[in-house]
Amino acid sequence: MPDKANSYLDVHPEQDEVTGTCFSCILTPPDSFIKPVKFLLDCGLYQETMYAERNKDFSFEPNEYEFVLVTHGHIDHIGRLPLLYQKGFRGKVYCTRLTAEVIAIALKNTLKIFENELKLYKIPPLYTQEDVDMVLENIVTFKVNKLFYVHKYIAVSFIANAHIFGATSVFLKITYPRQESMTYLFTGDYAKQNRLFEVPDVPKFVTENHLTIFQEATYGSTHLEDIEKVFVDNLKEAIAKNKTIVIPLFAFGRFQEVMYLITQLLQEKVIPRSYRISLDGKLAKEYVELFRKYRSCLKKEVQSIFSTKFRWVDDPDDRELIISDYKKRIILASGGMGSFGPIVEYERRLLDKPDVLFHYMGYTAVDSLGTKILNAKNLEAVCIRGNTIYKQADVKISRESSSHAKVEELIEYLYSIKKLDCITLYHGQKEIVQQYQQTLKNLKISKDVLISNSNVTHRYGPYGYIKSIYHTTTPV
Ligand SMILES: [Zn+2]
Ligand SMILES: [Zn+2]
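Residues numbered from 1 in each chain as written. Chains lettered and ligands numbered in written order. Predicted model: local features only at pLDDT ≥ 70, side-chain atom pairs only at ≥ 80, totals over all residues.

*Asks:* Looking at this model, I keep getting lost on the overall build of the protein chain. Mind explaining?
*Replies:* The secondary structure content of the protein chain amounts to 15 helices and 23 strands. Relative to its length of 476 residues, the protein chain is compact, with a C-alpha radius of gyration of 23 Å against a globular reference of 23 Å. A burial count over the protein chain gives 44% of its 476 residues as buried. Within the protein chain, residue pairs in contact and separated by at least 24 positions form 73% of the contacts whose partners lie at least 6 positions apart. (Helix = DSSP H or I, 4+ residues; strand = E, 2+ residues; numbered from the N terminus. Rg over C-alpha atoms; globule rule 2.2 N^0.38 Å. Buried ≥ 20, exposed ≤ 12 C-beta atoms within 10 Å, placed from the backbone. Contact = placed C-beta atoms within 7 Å.)

*Asks:* Can you walk me through the nonpolar core in this structure?
*Replies:* A general tendency of soluble globular proteins is for nonpolar side chains to be buried together. If you look at the biggest cluster of nonpolar residues, it comprises 125 residues, and the most contacted ones within it are L40, V68, V246, F255, Y287 and L332. Counting residues domain by domain, this core receives three or more from each of domain 1 (8-222 + 403-470) and domain 2 (228-397). Setting aside residues up to four positions removed in sequence, L40 forms contacts with C22, F23, S24, C25, Y65 and V68. (Core = buried A, V, L, I, M, F, W, Y, C linked by C-beta atoms within 7 Å. Domains from an automatic or database assignment.)

*Asks:* Mind showing me how you'd approach unusual backbone geometry here?
*Replies:* Of note, the phi angle at R178 is positive, near 60°, even though the residue is not glycine. Note that R178 resides in the loop between β9 (168-174) and β10 (182-186). Accessibility expressed as a C-beta count within 10 Å gives 10 for R178, which makes it exposed.

*Asks:* How do you make sense of the pairing of strand β8 (residues 154-160) when you look at a structure like this?
*Replies:* Put simply, side chains in a regular strand alternate between the two faces of the sheet. Along β8, six of the seven residues are buried, which leaves the element largely enclosed by surrounding structure. One ladder, built from three bridges, connects strand β7 (residues 148-151) with β8; its direction is antiparallel. In the sheet register, H151 faces β8, and the bridge partner there is I154. Between β7 and β8, which pair antiparallel in sequence order, lie two residues. Summarising the sheet, β8 and β9 pair through seven bridges and their orientation is antiparallel. Following the sheet pairing, V156 is matched in β9 by L172. (Pairing = 2+ DSSP bridges.)

*Asks:* What should I look at first to understand the sheet that holds strand β11 (residues 210-216) in this one?
*Replies:* Sheet strands pair by backbone hydrogen bonding; their relative direction is either parallel or antiparallel. Spatial ordering of the open sheet is given by β7-β8-β9-β10-β11-β20-β21, a layout of seven strands whose pairing is mixed. One side of each edge strand has no neighbouring strand; the edge strands of this open sheet are β7 and β21 (449-451). On average, adjacent strands in this sheet sit at an angle of 25° to one another, irrespective of strand direction. As defined by bridge partners, β11 adjoins strand β20 (residues 419-426) across seven bridges and the pair is classed as parallel. The residue of β20 that forms the bridge with H210 is K419. Packing against the sheet, helix α15 (residues 430-443) makes contact with β20 and β21, and its axis sits at approximately 175° to β21. (Axes fitted to C-alpha atoms, helices over the stretch in contact; angles between N-to-C directions.)

*Asks:* Please explain the environment of P203 as it appears in this structure.
*Replies:* Following the sequence through the fold, P203 ends up in the loop between β10 and α6 (204-207). With 16 C-beta atoms counted inside 10 Å, the residue P203 sits in the partly exposed group. Separated by 267 residues in the primary sequence, P203 and Y470 have C-alpha atoms spaced 36 Å apart.

*Asks:* Teacher, can you tell me more about the domain arrangement of the protein chain here?
*Replies:* Often the size quoted for an interface is simply the accessible area lost on bringing the parts together. Split into domains, the protein chain comes out as domain 1 (8-222 + 403-470) and domain 2 (228-397). With 17 residues of domain 1 at the interface, the matching set in domain 2 holds 18 residues. Grouping the amino acids of the side of domain 1 that touches domain 2 by side-chain chemistry returns eight nonpolar, four polar and five charged. (Nonpolar A, V, L, I, M, F, W, Y, C, P; charged D, E, K, R; others polar.)

Below is the structure:
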């Protein structure tokens, strides 16, 4: 027979919108003589300028926490792990092997950004090489879709999903003696499918549960039919006019996906042989190596592209050569939002050329250079690294390569679960999350549909939501 008193889990997010994902979880046991367990789910960096101040500290005491569960290697989910150690955390970081590799590459690159680009803006580094080393020394990896104990009472499973290479949702099963188990699922950033690799179905030991689910809602107001597939047509149109095409890309995932697409278009002769392909980005190249190393995890038709000989730009001199001889090229450059990385030099030098098309491939933040360039009218001035450039190039954007599920896919995920005790939404702009919450309420898919918010701790028990605890102090 279960005891009268139940255990419960308090979950408090550090973040409010898309970036900086970090949930503080405090598990209170049914008996007062058992110690509560504190752990984190992700520990990301804020990338929206309005939240930059929040990067400096946590709203909790890191040394009281026992471990971190990491869903995937994007910087907005792992970027503050080194700061966590700097502030006294001494526990382990649990994730998949692929994510561990991504973390090592991504944190090394973040250090480089601190040392180079942020120095230009006099922004002090958040952490050092030693802090990064602490993270890397404390990572423990697990296989996907298996259940492991990370604590006497807590079993965890990393469930593969198609958001990026190595991405997972995290399933938690908490069982105290003589108590009902509590079962939770954090979707992490989630996509159902990916051009480069496939993921197995969510295992039954997850879907056949009753669950309290934390679901990402980045595209909670976007339907599948809203996504226009325009990239190839835009490319064809530009090629017909002999234009040079510059494609700003996130170094990890999107870059390799577009490499694959370009390879296909070359094979199909949509891109003529007279066009030269140049790839620019040391980080993107490192990730290509990672894909090559784990090529057996890729779709069969994709595996061969990582042996295709494209020309990589290796240093600024090389970039200069490409820019001065820019005609009839397709240039893939890392820096997806246009603000950082090799792309900035192409924007600075080629935005005033009428025979160039800049084609952005995904989300560009409101205050990013990409958004400024997209919004500028023809011949309007854009300030790039202190230079005034008068836009004459064509500028387009397509969101068809997004790595987040759309409304129908998010709902399909929910319907695949046997019983939903509660849904808590996170990772989305406020209005979008609210819109998605209303959609779910109308569907009556679960008794409770909450929105996570840094002013509130939500308490959950074996059957979902119990109550909200409001905080009097508001983070920056
Ligand atoms: Zn992500
Ligand atoms: Zn994210």
